[in-house]
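# A look at the structure
Read off the chains here:
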Amino acid sequence: MLLFFRNIPAPTRPNELYFYVAMAVSEDLIEQAKQVITVDVMVIRDKRSNQLEHHGLVSVNSDEAGIRAIKNLNGLLFNGCEVLVRVYKQRDVKNDRRRNGLPVPQEIVDKRIQDRRRGASVEIYVDFSNVFYPITL
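Let me sum up the structure you'll find in this document. (Residues numbered from 1 in each chain as written. Predicted model: local features only at pLDDT ≥ 70, side-chain atom pairs only at ≥ 80, totals over all residues. Heavy atoms only, no water.)

A positive phi angle, close to 60°, is found at N50, a residue other than glycine. Positionally, N50 belongs in the loop between β2 (36-46) and β3 (51-60). Phi at N79 takes a positive value of approximately 50°, unusual for a residue other than glycine. Examined against the element boundaries, N79 turns out to sit in the loop between β4 (77-78) and β5 (81-82). (Helix = DSSP H or I, 4+ residues; strand = E, 2+ residues; numbered from the N terminus.)

This brings us to the environment of C81. The topology assignment puts C81 in strand β5. Along the primary structure C81 and R6 are separated by 75 residues, whereas in three dimensions their C-alpha atoms are 9.9 Å apart. Those residues in contact with C81, other than ones at most four positions away along the chain, are N7, P9 and L76. (Contact = heavy atoms within 4.5 Å.)

This part covers the packing of aromatic side chains. Taken as a whole, this structure holds 3 aromatic pairs when the rule is applied. Note on Y18 and F19: the rings are 5.0 Å apart at their centroids and 80° apart in plane angle, and the pair reads as edge-to-face. In this structure Y18 comes out as buried when scored by relative accessible area, which is 6%. Residue classification places F19 among the partly exposed residues on the basis of a relative accessible area of 46%. Taken together, a centroid distance of 4.4 Å and an interplanar angle of 40° make the contact between Y20 and F78 tilted. Of this pair, Y20 sits in helix α1 (residues 14-25) while F78 sits in strand β4, placing them 58 residues apart in sequence. Across the pair, exposure class does not vary: Y20 and F78 are buried alike. (Phe/Tyr/Trp six-rings, centres within 6.5 Å; stacked < 30°, edge-to-face > 60°. Buried < 20%, exposed > 50% of the residue type's maximum accessible area, 1.4 Å probe, protein only.)

Written as C-alpha cells, this is what we have:
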C-alpha cells in the first residue's frame with residue numbers, strides 16, 4: 001500500500017519520516033523493518049506563485065500496516081506540523097472517482113490538462129539521493 005503524507009515540514013528527511021511511520025505500524029523493531037518498504041520526500045513547486053509544497057510517499061508492506069499507519073498518524077503532529085495521511089491513488093481522467101464512471105467530455109480533459117497540479121505550471125522535485133530504503137533483516 002502506498003501512503004500519501006500531506007503538509008510535512010520543509011526540512012523533513014526520508015529517514016525521519018521512515019521512523020515516524022515505522023513506530024506507528026509496530027512496536028517491535030524487527031517488525032517495523034519488515035513493514036515500511038520505501039520512503040520518498042518530494043517537493044512540488046507551483047511555477048506561477050513559486051510556492052513550495054512538501055509531501056511524503058511511504059510504501060508499506062501490507063494493507064493492514066497501511067490502515068494502522070493512517071489510523072495512528074492522520075492529524076497528528078510531525079516535527080511541529082499536523083500531517084494528513086491517506087492512501088495514495090494515481091488518478092487520471094479514466095479513474096477519477098468524481099466522474100462516477102461516466103464518459104469524460106473533451107472539455108473536462110482539456111481543463112484537467114490546464115489544472116494547477118498538471119502541465120507546465122508545476123514542477124515535481126524528487127531527490128532520489130534522499131530516498132530511504134530500510135535495511136532488510
